[in-house]
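Working through the structure, step by step
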Amino acid sequence: MKEILRLDSIQKYYGTKTNITKAIDDISFSVNEGEFIGIMGASGSGKTTLLNCISTIDTVSAGHIFLDGKDITEIKDKEIARFRRENLGFIFQDFNLLDTLTIHENIAFALTINKIPIKKIDNKVFNIANQLGIGDILDKFPYEVSGGQKQRCACARAIVNKPKLILADEPTGALDSRSSQMLLDTIQSMNKKLNATILMVTHDAFSASYSKRILFLKDGLIFSELIRGDKTRKQFFGEILDVMALLGGNLSDVH
């Protein structure tokens, strides 16, 4: 298996010398290509800070993060936007679709910015849209399609550029249970059919049960790790609830 992401002893501090908050204490782990990993933890455990450091939105105080062998902690500020565009895909909680663009244009947005030739863009968009079941609505605008179709459009946009890593921050946080399940099914199919490497931060055990491996954070450290293996999603869900109980109650209560 090819290693796509590696974190070496990363730390993140906020505040002044007299009043330091350690958001991430000392975290190391690696992610192989094609893995689907969940990151769980109560509010204040460091999971969002961790995602922000991996996505280059925030910088680490110490340690190193490697994406496909490149040390992203060494990237110069002026190169960060381009690095993000070329290597990372994002699935946001509110999808961040642009209402003035068609579904096709929304999916093509990252490719257009990266100056991919128009003919290649069309092929890539049609291919990914058909694989995610939205090939028939590409000419419509976001306000003309269902919530589930918007979700699939957001997923198509995240993966159309074949990013090395897709980051999802509480992707089901604002959704009802049916919409959540549809989105999770789509993310899972991106992982299985398209071999997308996915890192998903969630407080929700149901969402986390879709992943293949879960890291639980507590006070900026890795508290526990669960690997799904051959277990059914229902069995895995039960194990997740057990760890959450050890962590101190239901994480779903602490957004």
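Above this text sits the structure in question.
Structure report, in brief. The shown structure was predicted, so the numbers you read here are calculated from the model rather than taken from an experiment.

Rules behind the numbers
- Residues numbered from 1 in each chain as written.
- Predicted model: local features only at pLDDT ≥ 70, side-chain atom pairs only at ≥ 80, totals over all residues.
- Heavy atoms only, no water.
- Helix = DSSP H or I, 4+ residues; strand = E, 2+ residues; numbered from the N terminus.
- Rg over C-alpha atoms; globule rule 2.2 N^0.38 Å.
- Buried < 20%, exposed > 50% of the residue type's maximum accessible area, 1.4 Å probe, protein only.
- Areas by Shrake-Rupley, 256 points an atom, 1.4 Å probe, with all protein chains shown as cover.
- Lys, Arg positive; Asp, Glu negative; His and termini not counted.
- Charge placed at Lys NZ, Arg CZ, Asp CG, Glu CD.
- Contact = heavy atoms within 4.5 Å.
- Polar contact = N/O pair within 3.5 Å; in protein donor to acceptor, adjacent residues only side chain to side chain.
- Salt bridge = Lys/Arg side-chain N within 4 Å of Asp/Glu carboxyl O.
- Phe/Tyr/Trp six-rings, centres within 6.5 Å; stacked < 30°, edge-to-face > 60°.
- Pairing = 2+ DSSP bridges.
- Axes fitted to C-alpha atoms, helices over the stretch in contact; angles between N-to-C directions.
- Core = buried A, V, L, I, M, F, W, Y, C linked by side-chain atoms within 4.5 Å.

With that settled, the discussion passes to the overall build of the protein. Across its full length, the protein carries eight helices and 10 strands. A compact globule built from 255 residues would reach a C-alpha radius of gyration of about 18 Å, and the protein, at 18 Å, matches this within 12%. In terms of its C-alpha atoms, the protein occupies a principal-axis envelope of roughly 55 × 45 × 35 Å. Out of the 255 residues belonging to the protein, those deemed buried represent 48%. When the accessible surface of the protein is split by element, carbon and sulfur atoms take 49% of a total near 12500 Å². Of the charged side chains in the protein, 32 are positive and 31 negative, and the gap between their average positions amounts to 5 Å.

Within the secondary structure, lysine 231 is located in the loop between β10 (221-227) and α8 (233-248). As for lysine 231 and lysine 2, which are separated by 229 residues in sequence, their C-alpha atoms are 24 Å apart. The residues touching lysine 231, leaving out its near neighbours within four places in the chain, are Phe236 and Glu239. In terms of polar contacts, lysine 231 uses its side chain to reach the backbone carbonyl oxygen of isoleucine 227, at 3.1 Å.

What follows is about the pattern of salt bridges. Inspection of the entire model under this criterion finds 10 salt bridges. One salt-bridge network, held together by shared partners, links Lys2, Asp68 and Lys164.

Right, let's talk about the packing of aromatic side chains for a bit. Inspection of every chain in the model, using the stated rule, returns three aromatic pairs. Between phenylalanine 90 and phenylalanine 92, the aromatic rings sit 5.9 Å apart at their centres with planes inclined by 15°, giving stacked as the arrangement. Judged by its relative accessible area of 33%, phenylalanine 92 falls in the partly exposed class. Between phenylalanine 206 and tyrosine 210 the ring centres are 5.6 Å apart and the planes differ by 75°, which places this aromatic pair in the edge-to-face class.

Strand order across the open sheet formed by four strands is β2-β1-β4-β5, with antiparallel pairing between neighbours. The open sheet has two free edges, formed respectively by β2 (20-32) and β5 (70-71), since each of these has just one partner strand. Judged from the two bridges that link them, strand β4 (residues 62-67) and β5 form a sheet pairing that is antiparallel. Looking at the pairing, leucine 67 lines up with lysine 70 of β5. Its contacts with the sheet put helix α1 (residues 47-54) on β1 (3-15), β2 and β4, and the angle it makes with β2 is roughly 60°.

The nonpolar side chains of soluble globular proteins are, as a tendency, buried together. The biggest cluster of nonpolar side chains holds 34 residues, and the ones touching the most others in it are Ile91, Ile103, Ile107, Ile134 and Met190. A per-element tally of this core places helix α5 (residues 147-159) first, with six residues. Excluding anything up to four places from it in sequence, isoleucine 91 contacts Cys155, Ala158, Ile166, Leu167, Ala168, Asp169, Pro171, Ile187 and Met190. In this structure, Leu5, Val60, Leu88 and Leu165 belong to the second largest nonpolar core, which totals 28 residues.

Relative to β4, β1 runs antiparallel, the two sharing five bridges. Looking at the pairing, leucine 5 lines up with leucine 67 of β4. Counting the residues that bridge the hairpin from β4 to β5 gives two residues, and of these aspartate 68 lies at a positive phi of roughly 50°.

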